[in-house]
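Structural overview
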Amino acid sequence: MELPVVNHPDYVAKINDDNKFPIKKFGALAEYLLKKNIVKKFYTPKECSINTMKSSHSIEYINHIKNKTLDIKNQKKIGFPINDSVVRRSFVATGGTVLASKLALEKRLACNTAGGSHHATFSGGAGYCVFNDVAVAA
């Protein structure tokens, strides 16, 4: 049985070049897993639904991210600019963790090449974590 691994090209968001977060590591990990034949293909997640996201985040915060209306102070707390690419990545990576948790229940083990964004709270992000995908998946 092959290890089910979830990945999406949009895990590599477009952020400013001087940002210290190593966003390109997600693409590099995916390439490595394929190159070393650890996986032959990835499971591709969809964006996490707002309904599912509401289990762990306020609708006000979710909408600020979705509509790119989060104020600069809170964007700085996250560490990323809230642009189209970061918004897409945030919803897809959370969807990836949800998918990996469902696959793990079915296949006993699964991985997501992104996620683990545990610093985000119910009403805000922090520490390079827009959403708390672990809490959403749980």
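Above: the structure in question.
Throughout what follows, the structure given in this document is the object of discussion. Just so you know, these numbers come straight off a predicted model, no measurement behind them.

With respect to the side chain of asparagine 132
Inspection of the secondary structure puts asparagine 132 in the loop between strand S2 (111-112) and helix H6 (133-137). Taking relative accessible area as the criterion, asparagine 132 reaches 11% and is therefore assigned buried. Within the structure, the side chain of asparagine 132 is placed 3.0 Å from the backbone nitrogen of alanine 135, a separation counted as a polar contact. Setting aside its immediate chain neighbours within four residues, asparagine 132 contacts His57, Ser117, His118 and Ala120.

A look at the pattern of salt bridges
Evaluation of the coordinates by the stated rule reveals 4 salt bridges. The salt bridge partner of aspartate 10 is arginine 88, with a shortest N-O separation of 2.7 Å. With aspartate 10 in the loop between strand S1 (5-6) and helix H1 (25-35) and arginine 88 in helix H5 (residues 84-107), this pair connects stretches of sequence that are 78 residues apart. Using a relative accessible area of 27% as the deciding quantity, one classes aspartate 10 as partly exposed. Classification of arginine 88 as partly exposed rests on a relative accessible area of 31%. In this structure, lysine 68 and aspartate 84 form a salt bridge, with 2.8 Å as the shortest nitrogen-oxygen distance. With lysine 68 in the loop between helix H3 (59-66) and helix H4 (72-78) and aspartate 84 in helix H5, this pair connects stretches of sequence that are 16 residues apart. For lysine 68, a relative accessible area of 38% puts it in the partly exposed group. Aspartate 84 gets classed as exposed once you look at its relative accessible area, which sits at 54%.

Cut-offs and rules
- Residues numbered from 1 in each chain as written.
- Predicted model: local features only at pLDDT ≥ 70, side-chain atom pairs only at ≥ 80, totals over all residues.
- Heavy atoms only, no water.
- Helix = DSSP H or I, 4+ residues; strand = E, 2+ residues; numbered from the N terminus.
- Buried < 20%, exposed > 50% of the residue type's maximum accessible area, 1.4 Å probe, protein only.
- Polar contact = N/O pair within 3.5 Å; in protein donor to acceptor, adjacent residues only side chain to side chain.
- Contact = heavy atoms within 4.5 Å.
- Salt bridge = Lys/Arg side-chain N within 4 Å of Asp/Glu carboxyl O.

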